[in-house]
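# Coordinate analysis (summary)
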Amino acid sequence: MITPTDRPPADDLAPGLEVEVEVGPVAHGGHCVARYDGRVIFVRLALPGERVIVKITEARKGSFCRGEAIRVLRADPRRVDAPCGHFRPDGCGGCDFQHAEPGLQRELKAFVVAEQLRRLAGVDRDVTVEPLPGDGFGWRTRVRWALDAAGRIGPRRVRSHRVEGVNAAAPCLIAVPGLTELAGSIDIPTGVRKAVTSAATAQPDGRTPRARRSRSTAGGLPEVTLTAAGDGTLAAVWTGSTGSTVPTVTERAAGREFSVAADGFWQVHLAAADTLSRAVSEALGGVELVGGRAWDLYGGVGLFAEILCRAVGADGSVVLVETDPAACALAQTNLARHPQATVRQGRVDAVIGEIDGPVDAVVLDPPRTGAGQAMCAEIATRTPAVVVYVACDPAALGRDTAALAASGYRLDTLRAFDAFPQTHHVECVARFVPA
């Protein structure tokens, strides 16, 4: 370790060096900001106000560094011992805050949401992150894990393509019971075994940081989606499976059942789909929608379209727009009971450009990148009385809040939910109305 009398210049920080720092505020992404002689270090495994020894893991010349707290000299009183052995320096990247009490975790997330709104949209808003039922572990019903050449299946290590293998003796604690056991018992197809051998040859150390490669390449390692569905089904689907090889499972939310592809999108927390559907329904309140027109954009298999169909009634109309063909086919099935619902498959901006006239209500649940300025402007031109935005990324919410404000819509109400305990992720439901 570098001692105080042997402090390296900030410009000389490099992977492997250890330095002592005072930890500053939490930042978006599951780390905190520290400064070493003015140079920013994004520190994982620390908490605001702590004093720690940080081991540098990445250093960009003339820019910021990344590091992990390997020793705590002055701890936050609400720091706890992480119960999972995979949560450690150079360990699994699936969790960020196991070292913080649940209440502190939610405060950190609330700070990030408020800071992103203030910085990106100029909106000052007090934020409270609401807990979901459960104790913060055993909540995740779907995981996407990788297989390596040693036969290990599990999540990747932090900012790496290397696999952190899980097994019955060292399970993933945020996954629902059964998923770790499923990972250890599934058959590995011959084609998958060949793919992992090729990947190991191309990337022998597996250390390529995620930031330098797209998610779609995933370091070349085969991936499997493991699902514990609401109907009791346990399913494993290898990435690249198509057609009849992908099973359909049944999930339940909003008082009814939905058909979902075993590797398709569905809220992963046991209580999230119900919680968010109720929040969307409440956000639509106060606006007369019976007989009106509504859009469900990025609508998936129809969870929020179900809420909109109930709001507009039999004499109204709901258009669900979704890019994924498989999800659209399932949405057709799920919404068959609602003749006022129409499912349109295609790029969302292209499809809504083909729809004429105004709309009374819009619900949108965009991907992590957000809806974008052009989409927000197009929605505003249709003069909806209410826009309900379901956001899985605070930065995207901040950018799109600014875009909607520029188009004449103000943020009215905001609720945030701890739908991903132990991680930095948070789900928000924002209501926008004409300014």
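Computed from a predicted structure; not experimentally measured. (Residues numbered from 1 in each chain as written. Predicted model: local features only at pLDDT ≥ 70, side-chain atom pairs only at ≥ 80, totals over all residues. Heavy atoms only, no water.)

So, on to helix 5 (residues 303–312). Most of helix 5 is tucked away, with 8 of its 10 residues classed as buried. Along helix 5, the residues that are buried comprise Leu 303, Phe 304, Ala 305, Glu 306, Ile 307, Leu 308, Cys 309 and Val 312. Following helix 5 by one or two positions, Gly 313 adopts a phi angle in the positive range, close to 75°. (Buried < 20%, exposed > 50% of the residue type's maximum accessible area, 1.4 Å probe, protein only. Helix = DSSP H or I, 4+ residues; strand = E, 2+ residues; numbered from the N terminus.)

This part takes up the nonpolar core. Membership of the largest hydrophobic core comes to 101 residues, with the highest contact counts inside it found for Ile 41, Leu 226, Val 280, Leu 284 and Val 429. For this core, the element with the highest residue contribution is helix 5, accounting for 7 residues. Ignoring sequence-local partners within four residues, the contact set of Val 429 consists of Leu 276, Ala 279, Val 280, Ala 283, Val 388, Tyr 389, Val 390, Thr 413, Leu 414, Arg 415 and Phe 417. In this structure, Trp 295, Val 387, Ala 396 and Cys 428 belong to the second largest nonpolar core, which totals 39 residues. (Core = buried A, V, L, I, M, F, W, Y, C linked by side-chain atoms within 4.5 Å. Contact = heavy atoms within 4.5 Å.)

With that settled, the discussion passes to the pattern of salt bridges. Using the criterion set out here, one finds 28 salt bridges in the structure. Note that Lys 109 is salt-bridged to Asp 418, the shortest N-O span being 2.5 Å. Separated by 309 residues along the polypeptide, Lys 109 in helix 1 (residues 102–121) and Asp 418 in strand 18 (residues 409–418) bring together distant segments of the chain. The same class applies to Lys 109 and to Asp 418, which are both buried. With a shortest N-O distance of 2.8 Å, Arg 310 and Glu 306 are connected by a salt bridge. (Salt bridge = Lys/Arg side-chain N within 4 Å of Asp/Glu carboxyl O.)

Below, the discussion takes up the pairing of strand 16 (residues 361–364). In strand 16, alternate side chains face the same way, and those of Ala 361 and Val 363 on one face and Val 362 and Leu 364 on the other are all buried. Across 4 bridges, strand 13 (residues 293–297) lies against strand 16 in parallel orientation. Residue pairing in the sheet places Asp 296 in a bridge with Val 363 of strand 16. Relative to strand 17 (residues 386–391), strand 16 is paired through 4 bridges, and the arrangement is parallel. (Pairing = 2+ DSSP bridges.)

This paragraph deals with the sheet that holds strand 5 (residues 65–74). The sheet built from 5 strands closes into a barrel, its strands ordered 1-2-3-5-4 with mixed pairing. Across the sheet, the axes of successive neighbouring strands diverge by a mean angle of 50°, strand direction being ignored. Alignment of strand 2 (residues 31–36) against strand 3 (residues 39–44), held across 5 bridges, turns out to be antiparallel. Bridge pairing links Ala 34 to Ile 41 in strand 3. (Axes fitted to C-alpha atoms, helices over the stretch in contact; angles between N-to-C directions.)

On to the packing of aromatic side chains, then. Evaluated as defined, the whole model comprises 3 aromatic pairs. We note Arg 256 situated over the ring of Phe 258; from NZ or CZ to the ring centre the distance is 4.3 Å. (Phe/Tyr/Trp six-rings, centres within 6.5 Å; stacked < 30°, edge-to-face > 60°. Lys NZ or Arg CZ within 6 Å of the ring centre and 35° of its normal.)

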